[in-house]
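Tertiary structure, described
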Amino acid sequence: MKKFILLSVLYFFTTSCYIQMEGKDGKPGEDGKSGQNSSVTERASGFNQKLADSLGADKYGMKPYVIVMLTTGSAKIEDKAKMDELMKGHMSNIGKLAKEGKITVAGPFSEKNNRNYRGMFIFNTKSKEEAESWVKTDPAVAAGIFSYEIFPWYGSAALPLYLKYHKEIAKENP
């Protein structure tokens, strides 16, 4: 019991005495006192109200999205040039939607599955109707290469932030 109390006191002491100042321009902050506009608890936990608000986060750091699962469509296009053109348009549309902040995640599944899912989008909206209007701008969907299923989803509000780093790690686009 003495060890437990000692460890508890040590844990409390070490976690309650360290405060990190918020950095600026992507640089880490300095050790020291908490900022003027936030509590010690918020600083010690790393909570950033301004960032949470800008991302539309709730108190859990989460927000609603819409997932669109692309499935195999009914169209059978044998013409390779036409199929290449549609897939190029599909990729261009994904890029356009990403630049507009509408699409947060997009990508194909790496193996076949029993639901005929080919890929997925996570759209930065809580409206299924809005997500459907965006997915219908995809030339491969319009041509029937892909069909889709739509699902509401609840995930981290920070999800859109990964896109700004993706271009730093990708040597080329598909």
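Okay, so let's go over this structure. Since we're looking at a predicted model, the values are computed, not measured.

**Some thoughts on the pattern of salt bridges**
Applying the stated criterion across every chain yields a total of 5 salt bridges. Measuring nitrogen to oxygen at the nearest pair gives 3.6 Å for the salt bridge that ties Arg 115 to Glu 149. In this pair, Arg 115 is assigned in the loop between strand 2 (103-108) and strand 3 (117-123) and Glu 149 in strand 4 (residues 146-156), connecting sequence segments 34 residues apart. As a salt-bridge pair, Lys 136 and Glu 132 come within 4.0 Å of each other at their nearest N and O atoms. Overall, Glu 132 belongs to the partly exposed group, its relative accessible area being 29%. Connected through salt bridges with shared partners, the residues Lys 96, Glu 100 and Lys 102 form a single ionic network.

**Points about the packing of aromatic side chains**
Think of a pair of aromatic rings as described by two things: how far the centres are apart, and how the planes are tilted against each other in angle. Tallying each qualifying case throughout the model produces 4 aromatic pairs. Both rings, one in Tyr 65 and one in Trp 153, keep their centres 5.7 Å apart while their planes meet at 40°; by these two values the pair is tilted. In this pair, Tyr 65 is assigned in strand 1 (residues 62-72) and Trp 153 in strand 4, connecting sequence segments 88 residues apart. Taking the centre distance of 5.5 Å and the plane angle of 65° together, the rings of Phe 121 and Phe 123 count as edge-to-face. Owing to a relative accessible area of 0%, Phe 123 belongs among the buried residues under this scheme. Taken together through their ring pairs, the aromatic side chains of Phe 121, Phe 123 and Trp 134 make up a single cluster.

**A few points about the pairing of strand 3**
When you tally the buried positions in strand 3, you get 6 out of 7 residues, the bulk of the element. Bridge analysis of strand 1 against strand 3 gives 6 bridges, and the strand direction is antiparallel. Each bridged residue has a counterpart across the sheet, and for Val 68 the counterpart in strand 3 is Phe 121. Looking at chain direction, strand 2 and strand 3 are connected through 5 bridges and run antiparallel. Across the sheet, Gly 107 pairs through a bridge with Met 120, a residue of strand 3.

**So, the environment of Ala 57**
By secondary structure assignment, the location of Ala 57 is in the loop between helix 3 (49-55) and strand 1. Those residues in contact with Ala 57 that lie beyond four places of it in its chain are Ala 52, Met 62 and Ala 157.

**A short note on the nonpolar core**
One finds Val 68, Leu 70, Phe 121, Phe 123, Val 135 and Phe 146 to be the most contacted residues of the largest nonpolar core, which totals 17 residues. Secondary-structure elements contributing two or more residues to this core are strand 1, helix 4 (80-99), strand 3, helix 5 (128-135), helix 6 (139-142) and strand 4. Ranked by size, the runner-up nonpolar core spans 7 residues in total, among them Ile 67, Val 105, Met 120 and Ile 122.

About the criteria used
- Residues numbered from 1 in each chain as written.
- Predicted model: local features only at pLDDT ≥ 70, side-chain atom pairs only at ≥ 80, totals over all residues.
- Heavy atoms only, no water.
- Salt bridge = Lys/Arg side-chain N within 4 Å of Asp/Glu carboxyl O.
- Helix = DSSP H or I, 4+ residues; strand = E, 2+ residues; numbered from the N terminus.
- Buried < 20%, exposed > 50% of the residue type's maximum accessible area, 1.4 Å probe, protein only.
- Phe/Tyr/Trp six-rings, centres within 6.5 Å; stacked < 30°, edge-to-face > 60°.
- Pairing = 2+ DSSP bridges.
- Contact = heavy atoms within 4.5 Å.
- Core = buried A, V, L, I, M, F, W, Y, C linked by side-chain atoms within 4.5 Å.

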